[in-house]
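The residues making up each chain are set out below.
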Amino acid sequence: MARPPIRGRFRSLAFTLILLGALGRLAPHPPNFTPVGSASLFAGARLPGWQAYLVPLLVMAITDPILGALHGFAAFSRATPLIYASLLAHALIGRWLLRASENGLRIGLAAFLCSLQFFLVTNLAVWLGGRLYPLAWDGLAACYAAALPFFGRTLAGDLVYSGLLFGLHAWLSRKVFVSERVALPGKAT
């Protein structure tokens, strides 16, 4: 029996996994090793339409003030719009590369692309802030060089959490939430 299409419908499993990712952002973790990038990638791949973009923004807008209050820093900064735009790019990458895929290699590649673009965009914002590095090519190079350890942690977090989110979704959509199963090209449903 063919499953009804779920285009545009609320997907409780996908939404719940993204919320768990948001809670993971609030838990103690090594710097940059968080599920928020993976949750944005996953949202782009598994949530319909506008939800794919709105949910990651809401996660950030809700958790930033909580983290700011807990750790004593401003919830929003001049870099916030670029950070949020970068997470929207994660959702876009998820829509483009993973909409109808459960391929682990493809998910890993998408997670790598997300980590790379986040590294490039957010450290460009640090450099453009003009406080830590001179606004010259050598300043930009120094900014990116200093941020390399953070890239490694971001990449590790994105790979681990993408594996967890997409893996849990694939398994649970086969066993419990069958209506949310990804319709893979060329496969009968």
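Rules of the game
Residues numbered from 1 in each chain as written. Predicted model: local features only at pLDDT ≥ 70, side-chain atom pairs only at ≥ 80, totals over all residues. Heavy atoms only, no water. Helix = DSSP H or I, 4+ residues; strand = E, 2+ residues; numbered from the N terminus. Buried < 20%, exposed > 50% of the residue type's maximum accessible area, 1.4 Å probe, protein only. Contact = heavy atoms within 4.5 Å. Areas by Shrake-Rupley, 256 points an atom, 1.4 Å probe, with all protein chains shown as cover. Phe/Tyr/Trp six-rings, centres within 6.5 Å; stacked < 30°, edge-to-face > 60°. Lys NZ or Arg CZ within 6 Å of the ring centre and 35° of its normal. Axes fitted to C-alpha atoms, helices over the stretch in contact; angles between N-to-C directions. Left-handed = near helix turned anticlockwise from the far one by under 90°. Nonpolar A, V, L, I, M, F, W, Y, C, P; charged D, E, K, R; others polar. Polar contact = N/O pair within 3.5 Å; in protein donor to acceptor, adjacent residues only side chain to side chain. Salt bridge = Lys/Arg side-chain N within 4 Å of Asp/Glu carboxyl O. pLDDT = per-residue confidence, 0-100. Expected span 1.5 Å × (residues − 1).

All right, on to the overall build of the chain then. Across its full length, the chain holds 6 helices and 0 strands. Secondary structure elements in the chain, listed N-terminal to C-terminal, are α-α-α-α-α-α. The buried share of the chain, reckoned over its 189 residues, is 41%. Partitioning the contacts of the chain with sequence separation of at least 6, the portion at a separation of at least 24 is 75%. Carbon and sulfur atoms form 72% of the exposed surface of the chain, whose accessible area is close to 10100 Å².

For the coordinates displayed, the defined rule picks out 5 aromatic pairs. Here the aromatic rings of F112 and F151 are separated by 6.4 Å at their centres, their planes lie at 80 degrees, and the arrangement is edge-to-face. Of this pair, F112 sits in helix α5 (residues 104–128) while F151 sits in helix α6 (residues 137–175), and the two are 39 residues apart along the sequence. For F112, a relative accessible area of 34% gives the class partly exposed. Of the residues examined, F151 reaches a relative accessible area of 15% and is grouped as buried. Among the aromatic side chains, those forming a connected cluster through ring pairs are F112, F119, Y144 and F151. For R153, the ring lying beneath its charged end belongs to F150, and the centroid distance is 5.1 Å.

Let's shift gears to the packing of α5 against α6. One way to put it is that α5 packs onto α6 with a least axis distance of 8 Å and a crossing angle of 145 degrees. As for the relative orientation of α5 and α6, their crossing is right-handed in sense. Grouping the constituent residues of the contact of α5 with α6 by class yields 20 nonpolar, 6 polar and 1 charged.

Our focus in this paragraph is the side chain of S162. Along the chain, S162 turns up in helix α6. For S162, a relative accessible area of 1% gives the class buried. Among the polar contacts listed, one links the side chain of S162 to the backbone oxygen of D158, at a separation of 2.7 Å. Excluding anything up to four places from it in sequence, S162 contacts S38, L41, I107, A111, G157 and G167.

Once that is clear, we can look at the pattern of salt bridges. One side chain can pair with another of opposite charge once the charged atoms of both are near each other. Scanning all chains against the criterion turns up 2 salt bridges. Two residues, R25 and D64, come together in a salt bridge whose shortest N-O distance is 2.7 Å. One end of the pair, R25, is in helix α1 (residues 12–26); the other, D64, is in helix α3 (residues 51–71), with 39 residues separating them in the sequence. Judged on exposure class, the residue R25 and its partner D64 are both buried. A salt bridge links R174 to E102; the nearest nitrogen and oxygen atoms lie 2.6 Å apart. Highlighted residues: R174 in helix α6 and E102 in the loop between α4 (80–98) and α5, separated in sequence by 72 residues. Since its relative accessible area comes to 37%, R174 is described here as partly exposed.

This part covers the confidence of the model for the chain. With 89% of its residues at a pLDDT of at least 70, the chain reaches an overall mean of 86. α1 is the least confidently modelled element of the chain, averaging 82 in pLDDT, while α5 averages 95, the highest of any element. Residue range residues 1–6 is modelled with pLDDT below 50. Its contacts to residues more than four positions away, or to other chains, number 9 contacts.

The next point concerns α4. Taking 1.5 Å as the rise per residue, α4 with 19 residues should run 27 Å; its terminal C-alpha atoms sit 26 Å apart, in good agreement. Where α4 is buried, its residues meet α2 (36–46), α3, α5 and α6.

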